[in-house]
Amino acid sequence: MSSNAHITSRRKHRRPTPSWVMRAGVAGGVLSTLAVTGAASPATAAEKPTETSMEMPALGAMLASSIAQSAAATQQVAFDHQVSAQQDEADRAAEEAAKTARDEADRKAEAERKAAEAKEKREAEEAARAARDAERTALNASSDDDSSKSSSSSSSSKSSSSSKSSSSSSSSSSSSSSSSKKSSSSATGNTATLLSFLQAQVGKAYVMGSSGPSAYDCSGLIQAAYKQIGVELPRVSQDQSTAGTAVSLSNLQAGDILYWGSAGSAYHVAVYIGGGKFIGAQNPSTGVVERDMSYSPPSGAVRVL
């Protein structure tokens, strides 16, 4: 046993807390909590409208900005579309202008080409005509020389036997004259008119490009003669050589057209009058003459009548 066991303890015993006190304390704590909560709630409630009022203008500004951006984008698209359309129109206009320029250049080039071809053709025709005229002149000059030589030979022969030559010459002259008159008198209708006109032109001048009445070239005489009987012939010898039906030189009739050279490119023409003779505008030195076919044998003949 402790030595202090007999000592009476002086500690006061703890009294139990009355229940009503405990209930009062709990109630006070609840009320204090409610008071604190109540004080905090109005502040919070007061702050929310402020936050709401602050958020609404910001939302409106954002919406307005979005609308403005959308409008600006739409306007930019429309502008870009307009610029693109204008560019396309400018491209089309430039292409059309280029096409028009190309067409005009092609047209001018074609016109120049045709003009050059026409010029070359004219020059070739003129050169061919000049060559034919030169050939014809040379042929006629050669024929005249042959005739002169024959005449000189005949004169020599006449001097050796004058009586025989004189008789032969008279006989030949009368034979030629009678043959020419016979061929003319035997012709009738249009042929007679044609031959009569031709014989009336004998002795007239030869002038290149002339068609009468005082002077002719070879094709001009033929054209004028046939015009007397209502027959229209081409103007140049090349065309006259193909104007009718081709006939053989062994089957000639009075009024047939004789040509020298090739058919279609003849350089000289005359008219057969019968009896182995022709009348034609020969050259500037002889003019319109009546000659025997042996003087200058033709290349061919065509029949118009």
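Located above this text is the structure these notes cover.
Residues numbered from 1 in each chain as written. Predicted model: local features only at pLDDT ≥ 70, side-chain atom pairs only at ≥ 80, totals over all residues. Heavy atoms only, no water.

Q: So, the sheet that holds strand β6 (residues 277–283): which residues are in play, and what are the values?
A: Through backbone hydrogen bonds, the strands of a sheet pair up, either in parallel or in antiparallel fashion. A sheet is described by the order of its strands in space; here six strands give the open sequence β3-β8-β4-β5-β6-β7, paired in antiparallel fashion. The open sheet has two edge strands with one neighbour each: β3 (245–247) and β7 (287–292). Adjacent strand axes in the sheet meet at a mean angle of 35° when their direction is disregarded. Pairing geometry for strand β4 (residues 257–260) and strand β8 (residues 300–303), over three bridges, is antiparallel. Within β8, the position partnered with L258 by the bridge is A301. Here helix α3 (residues 189–201) sits on the sheet and contacts β5 (268–274), β6 and β7; the angle it forms with β5, its principal contact strand, is near 115°. (Pairing = 2+ DSSP bridges. Helix = DSSP H or I, 4+ residues; strand = E, 2+ residues; numbered from the N terminus. Axes fitted to C-alpha atoms, helices over the stretch in contact; angles between N-to-C directions. Contact = heavy atoms within 4.5 Å.)

Q: A description of the environment of E110 should follow, citing residues and the corresponding values.
A: In this fold, E110 is placed in helix α1 (residues 19–160). A distance of 2.3 Å separates the side chain of E110 from the side chain of R113, its partner in a polar contact. (Polar contact = N/O pair within 3.5 Å; in protein donor to acceptor, adjacent residues only side chain to side chain.)

Q: Any details on the packing of aromatic side chains? Residues and values, ideally.
A: Describing an aromatic ring pair means giving the distance of the ring centres and the angle of the ring planes. On inspection of all chains with the given rule, the structure shows one aromatic pair. Where W260 meets F278, the ring centres are 5.4 Å apart and the plane angle is 65°; that geometry is what we call edge-to-face. In this pair, W260 is assigned in strand β4 and F278 in strand β6, connecting sequence segments 18 residues apart. You can call W260 buried: its relative accessible area is 3%. The buried category is assigned to F278, whose relative accessible area is 0%. Taking the ring centre of Y295 as reference, the NZ or CZ of R291 above it sits at 4.1 Å. (Phe/Tyr/Trp six-rings, centres within 6.5 Å; stacked < 30°, edge-to-face > 60°. Buried < 20%, exposed > 50% of the residue type's maximum accessible area, 1.4 Å probe, protein only. Lys NZ or Arg CZ within 6 Å of the ring centre and 35° of its normal.)

Q: Give a detailed account of the side chain of Q240, specifying residues and quantitative values.
A: Looking at where Q240 falls in the secondary structure, it is placed in helix α5 (residues 237–240). Taking the relative accessible area as the measure of exposure, Q240 reaches 0% and is therefore buried. With sequence-adjacent residues up to four places away left out, Q240 is seen in contact with S219, I222, Q223, P234, R235, I257, V269 and V302.

Q: How would you sum up the pattern of salt bridges? Please name residues and give values.
A: Tallying each qualifying case throughout the model produces six salt bridges. For E104, the salt bridge goes to R107, with nearest N and O atoms at 2.5 Å. Taken together, the residues span about one helical turn, with E104 and R107 both in helix α1 at a distance of three residues. Using a relative accessible area of 32% as the deciding quantity, one classes E104 as partly exposed. The shortest N-O distance in the salt bridge between E110 and R113 comes to 2.3 Å. (Salt bridge = Lys/Arg side-chain N within 4 Å of Asp/Glu carboxyl O.)

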